[in-house]
Amino acid sequence: MKLLFGLATGADSLEALERSASRAREVGDDLVVAVLEGPDEEGGLKATAERAREIVGEDIGVRTVEGHPGSRLVEIAESEGFDRILLGGGEQSPMGKIRIDSIAEFVLLNSHVSVTLLR
Amino acid sequence: MTDRGYPDTPAGPFPEPPIDWTDEAGRDIAIRVCQGDRESLIEMYTDFDPAERAQGIPPVGESAIRDWLDHLLCADCYNVVATHDGGVAGHATLVGDGEGGYELAIFVHQGYQDAGIGTKLLEALLGHAAADGVERVWLTVERWNKPATYLYQKVGFESTGAEDFEREMSIRLAQPDAPTG
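Residues numbered from 1 in each chain as written. Chains lettered and ligands numbered in written order. Predicted model: local features only at pLDDT ≥ 70, side-chain atom pairs only at ≥ 80, totals over all residues.

Caption draft 1: Local environment of the overall build of chain A. For chain A, the helix and strand inventory stands at four helices and five strands. Along chain A, helices (α) and strands (β) appear in the sequence β-α-β-α-β-α-β-α-β when read from the amino end. Overall size of chain A, expressed as C-alpha extent along the three principal axes, is 35 × 30 × 25 Å. Taken over 119 residues, chain A has a buried fraction of 38%. (Helix = DSSP H or I, 4+ residues; strand = E, 2+ residues; numbered from the N terminus. Buried ≥ 20, exposed ≤ 12 C-beta atoms within 10 Å, placed from the backbone.)

Caption draft 2: How the structure looks around the interface of chain B and chain A. Each side of the interface is counted separately: chain B has 13 residues, and chain A has ten residues. Put simply, the parts of the chain that give the side of chain B that touches chain A at least two residues each are α2 (62-72), β4 (87-96) and β5 (102-108) of chain B. The residue inventory of the side of chain B that touches chain A, partitioned by class, reads five nonpolar, five polar and three charged. (Contact = placed C-beta atoms within 7 Å. Nonpolar A, V, L, I, M, F, W, Y, C, P; charged D, E, K, R; others polar.)

Caption draft 3: Here's a closer look at unusual backbone geometry. Residues and elements named next belong to chain B. The step from Gly12 to Pro13 runs through a cis peptide bond, and the omega angle for that step is 5°. Locating Pro13 in the fold gives a position in the segment before β1 (19-22). Residues Pro17 and Pro18 are joined by a peptide bond in cis, for which omega reads 5°. Relative to the elements of secondary structure, Pro18 occurs in the segment before β1. One non-glycine residue, Asp114, lies in positive phi territory at about 60°. Here Asp114 is to be found in the loop between β5 and α3 (117-131). On the neighbour-count criterion, Asp114 (12 C-beta atoms within 10 Å) is exposed.

Caption draft 4: Here's a closer look at the sheet that holds strand β4 (residues 84-88) of chain A. Residue and element names in this part refer to chain A. If you trace the five strands from one edge of the open sheet to the other, you get β3-β2-β1-β4-β5, paired in parallel fashion. Taken across any chain shown, the strands that pair with only one partner, and hence form the sheet edges, are β3 (61-64) and β5 (114-118). Direction aside, neighbouring strands of the sheet carry axes that sit 25° apart on average. Taken together, the four bridges between strand β1 (residues 2-8) and β4 define a ladder with parallel strand orientation. Bridge pairing in β4 places Phe5 opposite Leu86. The strands that helix α2 (residues 45-56) touches are β1, β2 (30-36) and β3; relative to β3, the one it contacts most, it runs at about 170°. (Pairing = 2+ DSSP bridges. Axes fitted to C-alpha atoms, helices over the stretch in contact; angles between N-to-C directions.)

Caption draft 5: Seen up close, the environment of A:Leu17. All names here are of chain A. Positionally, Leu17 belongs in helix α1 (residues 14-27). Between the C-alpha atom of Leu17 and that of Ala52, which follows or precedes it by 35 residues, the distance is 7.9 Å. For Leu17, the residues in contact, after removing those within four places along its chain, are Phe5, Leu7, Val33, Ala52, Ile55 and Val56.

Caption draft 6: Region of the structure containing the confidence of the model for chain B. In the predicted model, chain B carries a mean pLDDT of 92, and the fraction of residues at 70 or more is 96%. As a predicted assembly, this complex carries a pTM of 0.85 together with an ipTM value of 0.82. (pLDDT = per-residue confidence, 0-100.)

Caption draft 7: Region of the structure containing the nonpolar core. Judged by nonpolar contacts, the single largest core of 47 residues is most densely connected at B:Leu121, B:Leu125, B:Ala129 and B:Val137. Here this core gets eight residues from one element, more than from any other, and that element is α3(B). Those residues within four positions of B:Val137 in sequence are excluded, and the remaining contacts are B:Leu94, B:Gly101, B:Tyr102, B:Leu104, B:Leu126, B:Ala129, B:Ser170, B:Ile171 and B:Leu173. Residues A:Leu7, A:Leu31, A:Ile60 and A:Ala104 belong to the second largest nonpolar core, which totals 31 residues. (Core = buried A, V, L, I, M, F, W, Y, C linked by C-beta atoms within 7 Å.)

As structure tokens, this is what we get:
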């Protein structure tokens, strides 16, 4: 399977990325990480990509993606033949309520490629 | 989200617990600050109708419920319960968001709904928190949940305009010493 992990700057999904990378390695999936512009933080693409590279190791591709994060991610997934989009979807409010951020909402509503939210 | 909006005009004053009151179904309900009600709360939440969960809370299963309650019954939190017949009928809670505001949630057991308990609990929680100096409270509610949205509006919450999957609402509480508008 060809998997595309969307990692937004400022997001709290590094742990989900680590799990995805080790699982992809285990089952022989082809994983690519797309670093996206998070809604709350400008820039930071390069720094986030560096963190991602440290986490996933050298054999997994990490690229930075500028522009509207949700639509760019869906565009890459659909135009480059990915089988599945992975997103960290485990953010919780102080109360413990599950949160779906604007990137996840956009991707869920617009992607023709299957989407997995990692909890 | 650090740029959450709050209404300019404070709401309140709200009544402070303890409040003894007869609900619309004729049951004697005592509303008071939560103290040593942990086991009764666990009992209510383990029996809570899963169809009435909101955004993943309350969690399902006793051990997940215990962990979640540990988180709610903490130092920077406010908890008010409605009790009847020795058990907990409803629970309203505020959890500090680390930015000076508090996130609100309220749960009324399915056997006690539509009797006015939610409104009373909500007002008592806001009264309890305002008396302790809490000024900013917010919540999220599913967009389709009209009854809950109406309840929050009635008490003084306004939509902040932030709408992802859920609608965000907030309220500014009148401080006990300050003149109310």
